[in-house]
Amino acid sequence: MYPRTVGGVPDLPDDAWLTDRLRAIADRIRLERERQNRTQEWLYLTAGVSRWAVQDAESGLGNPTTKTLLRIARALGVPLSTLIADED
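Residues numbered from 1 in each chain as written. Predicted model: local features only at pLDDT ≥ 70, side-chain atom pairs only at ≥ 80, totals over all residues. Heavy atoms only, no water.

## Here we look at the pattern of salt bridges
Okay, step 1: Taken as a whole and assessed by the stated rule, the structure comprises four salt bridges.
Okay, step 2: Taking the shortest distance from any N to any O, the salt bridge between Glu-58 and Arg-33 comes out at 2.6 Å. Of the two residues, Glu-58 sits in helix α3 (residues 51-59) while Arg-33 sits in helix α1 (residues 16-35), which places them 25 residues apart along the sequence.
Okay, step 3: For Glu-58, a relative accessible area of 8% gives the class buried. (Salt bridge = Lys/Arg side-chain N within 4 Å of Asp/Glu carboxyl O. Helix = DSSP H or I, 4+ residues; strand = E, 2+ residues; numbered from the N terminus. Buried < 20%, exposed > 50% of the residue type's maximum accessible area, 1.4 Å probe, protein only.)

## Remarks on empty space enclosed by the protein
Okay, step 1: Inspection of the entire model under this criterion finds one cavity of 30 Å³ or more.
Okay, step 2: Roughly 30 Å³ of internal volume is contained in the largest cavity.
Okay, step 3: For the largest cavity, the full set of lining residues is Leu-22, Ile-25, Ala-26, Asp-56, Ala-57, Gly-60, Gly-62 and Pro-64.
Okay, step 4: Counting residues per element, the ones that place at least two in the lining of the largest cavity are α1 and α3.
Okay, step 5: Of the residues forming the lining of the largest cavity, the biggest block, three residues, is contributed by α1.
Okay, step 6: Taken together, the residues of the lining of the largest cavity sort by class into five nonpolar, two polar and one charged. (1 Å grid on protein atoms, 1.4 Å probe; cavity = no way out; pocket = protein on both sides within 12 Å on 5 of 7 lines; lining within 4 Å. Points joined across faces, edges and corners; volume = space filled by probe spheres on them. Nonpolar A, V, L, I, M, F, W, Y, C, P; charged D, E, K, R; others polar.)

None of this, on its own, says anything about what the molecule does.
Below you can see the structure in the form of structure tokens.
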């Protein structure tokens, strides 16, 4: 019975599904930044966002805006779809 789906989207208690997706996005941002041997400082300065925006986006605990994700993707030179892909 668990997990139940609603419209093809898992309906998990306590927003576990959403938390998992945010962590996956955070991991992709961090891994891409590290693959390029870049620091968080470089990323927030290049992306034109605050240090806290990058820290929150990489922690998976924040709720980055679309604008922030677009700026991060552009700074890293990757399509936004690379960061938000749902690969389950």
